[in-house]
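For reference, the chains in residue letters:
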Amino acid sequence: MDKHEGRDAGTIRLDDPWYDALAVGWGEGAGAGAGAGPGGSAGEGAETSPPRSAPGGPHAPGASDIYLEVQRSAAFQEVRSRYRGFVVPATAGFFLWYVAYVIAATTAPGMMARPVVGSVNVALLAGLGQFLSTFVLTWAYARHARLRRDRAALDLRWTVFEQEQVRRADAGERTRARGAGR
């Protein structure tokens, strides 16, 4: 993860849980190796759903419950709102700019052929403007994400990671308690 500067630089955790931890329990058959299917070998028919709690036992919050809770949170909705607040107008603006270029090129060839400097005409400048606007839009998107969404999204990642760790610890304690009661 990149090194950050600023007033919160000392509070950033550099070990990202999404790159270090596998989705433990997903795709693992009962007692078989990772990705093993009902026949004990990985491949087609392998279990791809998360493990469920034992029937009749208390419902332990699963990964899907945690993610649904995060999705309903105000912090997640704020991140999504900031994302849509940039992407929707930027996409609409770029699409209109592109369509205007195509329409002008097909309906007003005389205007597009008008020389600006030497052999450079309006059509060539508008075409190069398409490339330039693509790069500017990419830069603006990356800047917007870095300044307005990345920190909040990383905080949500850590929230989910910590909830997942608590869930796994609770599941381990319940398993040990069940084993000791036999």
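Everything numeric here is computed off the predicted structure, so don't read it as measured data. Throughout, residues of each chain are indexed from 1 in the direction in which the sequence is written. Selection of residues for local features in this predicted model requires a pLDDT of at least 70, selection of side-chain atom pairs for listing and counting requires 80 or more, and totals for whole chains, interfaces and linings are taken over all residues. Computation of side-chain values covers all heavy atoms of the structure but excludes hydrogens and water.

### Description of the packing of aromatic side chains
Quick reminder of the rule: Each aromatic pair joins two rings of Phe, Tyr and Trp (for Trp, the six-membered one) with centres within 6.5 Å, and gets the label stacked for planes under 30 degrees apart, edge-to-face for over 60, and tilted for any other angle. Helix and strand labels come from DSSP, where a helix needs a run of H or I of at least four residues and a strand needs a run of E of at least two; each type is numbered from the N terminus. Relative accessibility thresholds used throughout: buried, under 20% of the residue-type maximum; exposed, over 50%; partly exposed, between the two (1.4 Å probe, protein chains only).
Applying the stated rule across the entire model yields two aromatic pairs. Each ring, one from Phe 86 and one from Tyr 141, has its centre 5.9 Å from the other, and the planes form 50 degrees; the classification is tilted. Highlighted residues: Phe 86 in helix 3 (residues 74-107) and Tyr 141 in helix 5 (residues 122-148), separated in sequence by 55 residues. When its relative accessible area of 33% is taken as the criterion, Tyr 141 is described as partly exposed. Each ring, one from Trp 158 and one from Phe 161, has its centre 5.4 Å from the other, and the planes form 85 degrees; the classification is edge-to-face. Here Trp 158 and its partner Phe 161 are both found in helix 6 (residues 150-180), three residues apart, which amounts to about one turn of the helix. In this structure Phe 161 comes out as partly exposed when scored by relative accessible area, which is 23%.

### Comments concerning helix 6
Here is the rule we go by: Expected helix span is computed as 1.5 Å times (number of residues minus one).
Taking 1.5 Å of rise per residue, the 31 residues of helix 6 would be expected to cover 45 Å, and the 45 Å separating its terminal C-alpha atoms lies within 8% of that figure. Where helix 6 is concerned, the buried positions are Leu 154, Leu 156, Trp 158, Val 160, Glu 164 and Arg 167.

### Observations regarding helix 3
Operational definition: Should any heavy atoms of two residues lie within 4.5 Å, those residues are counted as being in contact.
For helix 3, built from 34 residues, the straight-helix expectation of 50 Å at 1.5 Å per residue is met to within 8% by its first-to-last C-alpha distance of 48 Å. Among the residues of helix 3, those classed as buried are Val 79, Phe 86, Val 87, Ala 90 and Ala 104. Next to the buried residues of helix 3 lie helix 4 (109-112), helix 5 and helix 6.

### Some words on the nonpolar core
The line we're drawing: As used in this record, nonpolar core signifies buried Ala, Val, Leu, Ile, Met, Phe, Trp, Tyr and Cys residues forming a set joined through side-chain atoms within 4.5 Å.
Residues Ile 66, Val 70, Val 79, Leu 156 and Val 160 constitute the largest nonpolar core, which totals five residues. When residues of this core are traced back to their parent elements, those giving at least two are helix 2 (63-72) and helix 6. Excluding its chain neighbours within four sequence positions, the residues that come into contact with Ile 66 are Val 160, Gln 163, Glu 164 and Arg 167.

### Focus on the confidence of the model for the protein chain
Applied cut-off: Along the chain, pLDDT gives the predictor's confidence residue by residue, from 0 to 100.
Averaged over every residue, the pLDDT of the protein chain is 75; residues scoring 70 or more account for 64%. Scored below 50 in pLDDT, residues 26-51 shows 31 contacts in the model against residues more than four places distant or in partner chains.

### Here we look at the environment of Tyr 98
If you trace the backbone, Tyr 98 turns up in helix 3. Tyr 98 gets classed as partly exposed once you look at its relative accessible area, which sits at 44%. On a C-alpha basis, the gap between Tyr 98 and Ser 133 in space is 9.9 Å, while along the polypeptide they are 35 residues apart.

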